[in-house]
Amino acid sequence: MDDIRISASSYGWYVIKEYLKNNSWWVILLIICTAIASLFDYKYILLAFMIILVVVPMIMSIVYFKYVLHPLARYSILPKSMMFDINAETIDIDIQDAEGNVTESVHYTLDDFDSLNVDSSFLALRYRESKYIYLVLPLKSLSNDVISYMVSKYIPSVLN
């Protein structure tokens, strides 16, 4: 069993980055439309600034409260020990308190996750329940066998 955890800010930035990667196109489209409309009437420049300075921060706060503060996020940021069983395709998580006592135990199979993202320093398994809720694990605390198995399970087309 290994002691694995990431900071809450790292988890938050990862989730917000993934959300922006998938959903920033419509904000850019609105800004482009208002820029084109400002060629005909300068008042649309104010609308573009309102989108940038009011709408976008509100969307980010909604993402923060809906996805980053989700109860499943605690499995990424709290101190824990994890056991990966590659043969049974299971992950056992034991959440620990400050003294190292186990306060909660969770058992997952790899079927509970629907995709895998590998970042420069994180391996993120996305829960099937939601599009932007992840079990994020630091790569440095995982063995090469676990990482290669996860990649071969969720990204088989890359290996062929």
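Before reading further, recall that the structure is shown in the block above.
Residues numbered from 1 in each chain as written. Predicted model: local features only at pLDDT ≥ 70, side-chain atom pairs only at ≥ 80, totals over all residues. Heavy atoms only, no water.

Caption draft 1: Structural detail: the pattern of salt bridges. The tally for this structure, following the rule as stated, stands at five salt bridges. Where K21 meets E18, a salt bridge forms, and the shortest distance between an N and an O atom there is 3.0 Å. Residue K21 and its partner E18 are both found in helix α1 (residues 8-23); the two are separated by three residues, about one turn of the helix. One salt bridge in this structure joins E104 and R74, with 2.9 Å as the shortest N-O distance. In this pair, E104 sits in strand β4 (residues 102-109) while R74 sits in helix α4 (residues 74-77), placing the two residues 30 residues apart along the sequence. Judged by relative accessible area, R74 falls into the partly exposed class, the value being 29%. (Salt bridge = Lys/Arg side-chain N within 4 Å of Asp/Glu carboxyl O. Helix = DSSP H or I, 4+ residues; strand = E, 2+ residues; numbered from the N terminus. Buried < 20%, exposed > 50% of the residue type's maximum accessible area, 1.4 Å probe, protein only.)

Caption draft 2: Spatial organisation of the pairing of β4. Direction of pairing for strand β3 (residues 90-96) relative to β4: antiparallel, over a ladder of seven bridges. Across the sheet, the residue bridging to Q96 is V102, located in β4. (Pairing = 2+ DSSP bridges.)

Caption draft 3: The arrangement of the packing of α1 against helix α3 (residues 43-68) in detail. Where α1 contacts α3, the axes come no closer than 10 Å and their chain directions differ by 120°. Comparing the axis directions of α1 and α3 gives the class oblique. Here α1 and α3 pass one another in a crossing that is right-handed. In this structure, α1 contributes Y11, G12, V15, I16, Y19 and L20 to the contact, and α3 contributes I59, M60, V63, Y67 and V68. Taken together, the residues that form the contact of α1 with α3 break down as ten nonpolar, one polar and no charged. (Axes fitted to C-alpha atoms, helices over the stretch in contact; angles between N-to-C directions. Parallel < 35°, antiparallel > 145°, perpendicular 65-115°, else oblique. Left-handed = near helix turned anticlockwise from the far one by under 90°. Contact = heavy atoms within 4.5 Å. Nonpolar A, V, L, I, M, F, W, Y, C, P; charged D, E, K, R; others polar.)

Caption draft 4: Local environment of empty space enclosed by the protein. Across all of its chains, the model carries one cavity of 30 Å³ or more by this definition. Here the largest cavity is characterised by a volume of approximately 50 Å³. Forming the boundary of the largest cavity are F84, D85, I86, E89, T90, I91, L110, V146, Y149 and M150. Among the secondary structure elements, those contributing two or more residues to the lining of the largest cavity are β2 (80-85), β3 and α5 (144-154). For the lining of the largest cavity, the element with the highest residue contribution is α5, accounting for three residues. The residue makeup of the lining of the largest cavity, split by class, is seven nonpolar, one polar and two charged. (1 Å grid on protein atoms, 1.4 Å probe; cavity = no way out; pocket = protein on both sides within 12 Å on 5 of 7 lines; lining within 4 Å. Points joined across faces, edges and corners; volume = space filled by probe spheres on them.)

Caption draft 5: Layout of the environment of S130. Along the chain, S130 turns up in the loop between β6 (122-127) and β7 (134-138). Distance from S130 to D114, taken between C-alpha atoms, is 9.7 Å for residues 16 residues apart in sequence.

Caption draft 6: Here's a closer look at the packing of helix α2 (residues 25-37) against α3. α3 packs onto α2 with a crossing angle of 165° between their chain directions and a minimal axis gap of 8 Å. As far as their axial angle goes, α3 and α2 are roughly antiparallel. The handedness of the crossing between α2 and α3 comes out as right-handed. Along the contact surface, α2 presents W26, V27, L30, I31, T34 and A37, while α3 presents Y44, L47, A48, I51, I52, V56 and I59. Residue composition of the contact of α2 with α3, grouped by class: twelve nonpolar, one polar and no charged.

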